[in-house]
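# Report on the structure
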Amino acid sequence: MRQDWFFPGKLARRLASNDVSNREIAYLTLANLLFGWVIFYGAFTWANPPWTLLSLFECIVVVAITLMGFTTCFDAAGGDTNERFAAHYNCLSFGVWLWTTTATWIIFWLGIWLFRQGIFAAYRYEHLGIAQNLASVGASFGWLWTFLAIVGGQVAYFWWLTAVLRKAAKQN
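So, how was this worked out
Residues numbered from 1 in each chain as written. Predicted model: local features only at pLDDT ≥ 70, side-chain atom pairs only at ≥ 80, totals over all residues. Heavy atoms only, no water. Helix = DSSP H or I, 4+ residues; strand = E, 2+ residues; numbered from the N terminus. Buried < 20%, exposed > 50% of the residue type's maximum accessible area, 1.4 Å probe, protein only. Core = buried A, V, L, I, M, F, W, Y, C linked by side-chain atoms within 4.5 Å. Contact = heavy atoms within 4.5 Å. Axes fitted to C-alpha atoms, helices over the stretch in contact; angles between N-to-C directions. Parallel < 35°, antiparallel > 145°, perpendicular 65-115°, else oblique. Nonpolar A, V, L, I, M, F, W, Y, C, P; charged D, E, K, R; others polar. Patch = residues over 30% accessible without salt bridge, like charges linked within 9 Å, V, L, I, M, F, W, Y side chains within 5 Å. Areas by Shrake-Rupley, 256 points an atom, 1.4 Å probe, with all protein chains shown as cover. Salt bridge = Lys/Arg side-chain N within 4 Å of Asp/Glu carboxyl O. Phe/Tyr/Trp six-rings, centres within 6.5 Å; stacked < 30°, edge-to-face > 60°. Lys NZ or Arg CZ within 6 Å of the ring centre and 35° of its normal.

## Thoughts on unusual backbone geometry
Notably, Asn18 is not glycine yet its phi reads approximately 60°, a positive angle. Checked against the element boundaries, Asn18 lands in the loop between α1 (8-16) and α2 (22-42). The exposure class assigned to Asn18 is exposed, which follows from its relative accessible area of 71%.

## Considering the nonpolar core
Core analysis: the largest hydrophobic core is formed by 18 residues, its most contacted members being Phe70, Phe85, Tyr89, Tyr157, Phe158, Leu161 and Leu165. Elements represented by at least two residues in this core include exactly α2, α3 (53-76), α4 (85-124) and α6 (142-170). Here the element with the most residues in this core is α6; it accounts for six residues. When neighbours within four sequence positions are excluded, Leu165 is seen to be in contact with Cys73, Ala76, Ala77, His88, Tyr89 and Leu92.

## Let's talk about the packing of α3 against α6
Packing of α3 against α6 brings their axes to within 8 Å, and their N-to-C directions diverge by 10°. Overall, the two elements α3 and α6 adopt an arrangement that is roughly parallel. Facing α3, whose interface residues are Leu54, Phe57, Glu58, Val61, Val62, Ile65, Thr66, Gly69, Phe70, Thr72, Cys73 and Ala76, α6 presents Trp143, Phe147, Ile150, Val151, Gln154, Val155, Phe158, Leu161, Thr162, Leu165, Arg166 and Ala169. Partitioning the contact of α3 with α6 into residue classes produces 17 nonpolar, five polar and two charged.

## What about a nonpolar patch on the surface?
On the surface, a nonpolar cluster with roughly 430 Å² of combined accessible area is contributed by Ile106, Leu110, Trp113 and Leu114. Of note, Ile106 is situated in helix α4. Looking at Ile106, the relative accessible area reads 52%, which means it is exposed.

## What about the environment of Leu92?
Relative to the helices and strands, Leu92 resides in helix α4. For Leu92, a relative accessible area of 29% puts it in the partly exposed group. Sequence-distant contacts of Leu92, defined by excluding residues within four places in its chain, comprise Leu161, Val164, Leu165 and Ala168.

## What to know about the pattern of salt bridges
A full pass over the atoms with the stated rule returns three salt bridges. Here Asp4 and Arg14 are joined by a salt bridge, their closest N and O atoms 2.4 Å apart. Remark: Arg14 occurs in helix α1 and Asp4 occurs in the segment before α1; sequence separation between them is 10 residues. Here Asp4 matches Arg14 in class, with each residue buried. Here the salt bridges share partners, and the residues they tie into one network are Asp4, Arg14 and Glu24.

## Here's the deal with the side chain of Thr104
Along the chain, Thr104 turns up in helix α4. Residue class for Thr104 comes out buried when judged on its relative accessible area of 15%. For Thr104, the contacting residues outside a window of four places in its chain are Ala149 and Gly153.

## As for the packing of aromatic side chains
Applying the stated criterion across every chain yields a total of nine aromatic pairs. With a centroid separation of 4.9 Å and 70° between ring planes, the pair formed by Trp105 and Phe108 is classed as edge-to-face. Note that Trp105 and Phe108 are positioned in helix α4 at a spacing of three residues, about one turn of the helix. Classification of Trp105 by relative accessible area gives partly exposed; the value is 24%. For the pair Tyr157 and Phe158, a centre-to-centre distance of 4.8 Å together with 75° between the ring planes defines the contact as edge-to-face. Judged by its relative accessible area of 4%, Phe158 falls in the buried class. Directly above the aromatic system of Phe7 lies the positively charged group of Lys10, at a separation of 5.1 Å from the ring centroid.

Written out as C-alpha coordinates, the structure is:
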(Lines give C-alpha, C1' and ligand atoms only; values in the text may rest on other atoms or scores of the structure.)
Protein backbone atom coordinates (compact mmCIF):
# COMPACT_ATOMS: atom_id res chain seq x y z
CA MET A 1 0.00 0.00 0.00
CA ARG A 2 1.45 3.31 -1.07
CA GLN A 3 0.90 6.61 0.67
CA ASP A 4 -0.41 8.25 -2.50
CA TRP A 5 -3.44 5.91 -2.48
CA PHE A 6 -4.88 8.35 0.06
CA PHE A 7 -3.98 11.47 -1.93
CA PRO A 8 -5.74 11.47 -5.32
CA GLY A 9 -3.63 14.34 -6.71
CA LYS A 10 -0.40 12.43 -6.16
CA LEU A 11 -1.91 9.21 -7.47
CA ALA A 12 -3.20 11.05 -10.54
CA ARG A 13 0.36 12.12 -11.36
CA ARG A 14 1.58 8.52 -11.11
CA LEU A 15 -1.33 7.35 -13.26
CA ALA A 16 -0.58 10.03 -15.85
CA SER A 17 3.05 8.90 -16.03
CA ASN A 18 1.86 5.28 -16.40
CA ASP A 19 3.66 4.37 -13.18
CA VAL A 20 0.83 2.31 -11.61
CA SER A 21 1.04 -1.44 -12.15
CA ASN A 22 -1.91 -3.62 -13.08
CA ARG A 23 -1.69 -5.39 -9.73
CA GLU A 24 -1.75 -2.06 -7.88
CA ILE A 25 -4.87 -1.07 -9.85
CA ALA A 26 -6.43 -4.35 -8.76
CA TYR A 27 -5.50 -3.64 -5.14
CA LEU A 28 -7.05 -0.17 -5.37
CA THR A 29 -10.23 -1.64 -6.84
CA LEU A 30 -10.37 -4.24 -4.07
CA ALA A 31 -9.72 -1.55 -1.43
CA ASN A 32 -12.62 0.44 -2.88
CA LEU A 33 -14.93 -2.58 -2.68
CA LEU A 34 -13.91 -3.41 0.87
CA PHE A 35 -14.21 0.20 2.01
CA GLY A 36 -17.73 0.26 0.58
CA TRP A 37 -18.65 -2.83 2.59
CA VAL A 38 -17.11 -1.45 5.77
CA ILE A 39 -19.10 1.77 5.34
CA PHE A 40 -22.27 -0.23 4.61
CA TYR A 41 -21.77 -2.33 7.71
CA GLY A 42 -20.52 0.62 9.76
CA ALA A 43 -24.14 1.37 10.51
CA PHE A 44 -24.55 -2.32 10.06
CA THR A 45 -27.11 -3.85 7.79
CA TRP A 46 -30.57 -2.45 7.55
CA ALA A 47 -32.12 -5.89 7.95
CA ASN A 48 -30.47 -6.96 11.16
CA PRO A 49 -30.26 -5.04 14.44
CA PRO A 50 -27.18 -2.80 14.49
CA TRP A 51 -24.08 -3.57 16.48
CA THR A 52 -24.80 -7.22 17.15
CA LEU A 53 -22.66 -10.31 16.77
CA LEU A 54 -24.95 -11.37 13.92
CA SER A 55 -24.24 -8.13 12.03
CA LEU A 56 -20.52 -8.53 12.64
CA PHE A 57 -20.67 -12.15 11.44
CA GLU A 58 -22.52 -11.08 8.29
CA CYS A 59 -19.92 -8.37 7.64
CA ILE A 60 -17.05 -10.83 8.08
CA VAL A 61 -18.67 -13.35 5.72
CA VAL A 62 -19.29 -10.69 3.06
CA VAL A 63 -15.73 -9.34 3.36
CA ALA A 64 -14.34 -12.89 3.08
CA ILE A 65 -16.46 -13.56 -0.03
CA THR A 66 -15.33 -10.23 -1.51
CA LEU A 67 -11.65 -11.05 -0.90
CA MET A 68 -11.92 -14.55 -2.34
CA GLY A 69 -14.20 -13.52 -5.18
CA PHE A 70 -12.10 -10.56 -6.27
CA THR A 71 -8.91 -12.62 -6.16
CA THR A 72 -10.59 -15.29 -8.29
CA CYS A 73 -11.75 -12.60 -10.73
CA PHE A 74 -8.23 -11.16 -11.00
CA ASP A 75 -6.76 -14.59 -11.69
CA ALA A 76 -9.52 -15.51 -14.18
CA ALA A 77 -8.92 -12.27 -16.07
CA GLY A 78 -5.26 -13.15 -16.57
CA GLY A 79 -3.81 -11.54 -13.46
CA ASP A 80 -0.71 -9.45 -13.98
CA THR A 81 -0.58 -10.26 -17.69
CA ASN A 82 -3.93 -8.60 -18.46
CA GLU A 83 -3.18 -4.90 -18.73
CA ARG A 84 -6.88 -4.21 -19.27
CA PHE A 85 -8.06 -5.87 -16.07
CA ALA A 86 -9.44 -2.66 -14.56
CA ALA A 87 -11.42 -1.86 -17.71
CA HIS A 88 -12.72 -5.41 -18.00
CA TYR A 89 -13.64 -5.63 -14.33
CA ASN A 90 -15.40 -2.26 -14.18
CA CYS A 91 -17.27 -2.62 -17.44
CA LEU A 92 -18.39 -6.21 -16.91
CA SER A 93 -19.24 -5.82 -13.24
CA PHE A 94 -22.09 -3.36 -13.90
CA GLY A 95 -24.24 -5.78 -15.90
CA VAL A 96 -23.38 -8.70 -13.64
CA TRP A 97 -24.17 -6.63 -10.54
CA LEU A 98 -27.43 -5.33 -12.02
CA TRP A 99 -28.84 -8.73 -12.99
CA THR A 100 -27.50 -10.61 -9.97
CA THR A 101 -28.93 -8.04 -7.56
CA THR A 102 -32.24 -7.92 -9.42
CA ALA A 103 -32.57 -11.71 -9.44
CA THR A 104 -31.50 -12.07 -5.81
CA TRP A 105 -34.05 -9.61 -4.46
CA ILE A 106 -36.85 -10.81 -6.77
CA ILE A 107 -36.28 -14.32 -5.43
CA PHE A 108 -36.11 -12.96 -1.87
CA TRP A 109 -39.38 -11.01 -2.11
CA LEU A 110 -41.10 -13.78 -4.09
CA GLY A 111 -40.12 -16.20 -1.32
CA ILE A 112 -41.49 -13.83 1.32
CA TRP A 113 -44.70 -13.39 -0.66
CA LEU A 114 -45.13 -17.16 -1.16
CA PHE A 115 -44.42 -17.73 2.50
CA ARG A 116 -47.11 -15.24 3.48
CA GLN A 117 -49.52 -16.79 1.02
CA GLY A 118 -48.88 -20.13 2.69
CA ILE A 119 -49.79 -18.61 6.05
CA PHE A 120 -52.98 -17.09 4.63
CA ALA A 121 -53.90 -20.33 2.87
CA ALA A 122 -53.45 -22.25 6.10
CA TYR A 123 -55.76 -19.80 7.87
CA ARG A 124 -58.38 -20.09 5.13
CA TYR A 125 -58.50 -23.85 5.42
CA GLU A 126 -58.61 -23.75 9.18
CA HIS A 127 -55.22 -25.31 9.66
CA LEU A 128 -54.43 -23.00 12.52
CA GLY A 129 -51.48 -25.05 13.81
CA ILE A 130 -49.72 -24.96 10.42
CA ALA A 131 -50.40 -21.23 10.08
CA GLN A 132 -48.99 -20.53 13.53
CA ASN A 133 -45.87 -22.60 12.81
CA LEU A 134 -45.31 -20.84 9.47
CA ALA A 135 -45.78 -17.44 11.07
CA SER A 136 -43.39 -18.38 13.86
CA VAL A 137 -40.67 -19.56 11.46
CA GLY A 138 -41.08 -16.56 9.18
CA ALA A 139 -41.08 -14.06 12.01
CA SER A 140 -38.07 -15.47 13.82
CA PHE A 141 -35.87 -16.19 10.79
CA GLY A 142 -36.14 -12.93 8.85
CA TRP A 143 -32.47 -12.26 9.61
CA LEU A 144 -31.56 -15.64 8.07
CA TRP A 145 -33.42 -14.99 4.81
CA THR A 146 -31.71 -11.60 4.47
CA PHE A 147 -28.30 -13.09 5.32
CA LEU A 148 -28.81 -15.83 2.72
CA ALA A 149 -29.91 -13.29 0.10
CA ILE A 150 -26.89 -11.05 0.71
CA VAL A 151 -24.37 -13.88 0.84
CA GLY A 152 -26.00 -15.78 -2.04
CA GLY A 153 -26.07 -12.64 -4.15
CA GLN A 154 -22.38 -12.00 -3.48
CA VAL A 155 -21.42 -15.58 -4.36
CA ALA A 156 -23.50 -15.47 -7.56
CA TYR A 157 -22.01 -12.08 -8.50
CA PHE A 158 -18.41 -13.21 -8.19
CA TRP A 159 -19.12 -16.59 -9.83
CA TRP A 160 -20.70 -14.93 -12.87
CA LEU A 161 -18.12 -12.13 -13.02
CA THR A 162 -15.29 -14.68 -12.90
CA ALA A 163 -16.85 -16.52 -15.84
CA VAL A 164 -17.20 -13.42 -18.03
CA LEU A 165 -13.73 -12.12 -17.10
CA ARG A 166 -12.26 -15.50 -18.08
CA LYS A 167 -14.18 -15.28 -21.38
CA ALA A 168 -12.88 -11.75 -22.04
CA ALA A 169 -9.31 -12.79 -21.19
CA LYS A 170 -9.44 -15.69 -23.67
CA GLN A 171 -10.44 -13.32 -26.44
CA ASN A 172 -7.47 -11.00 -25.81
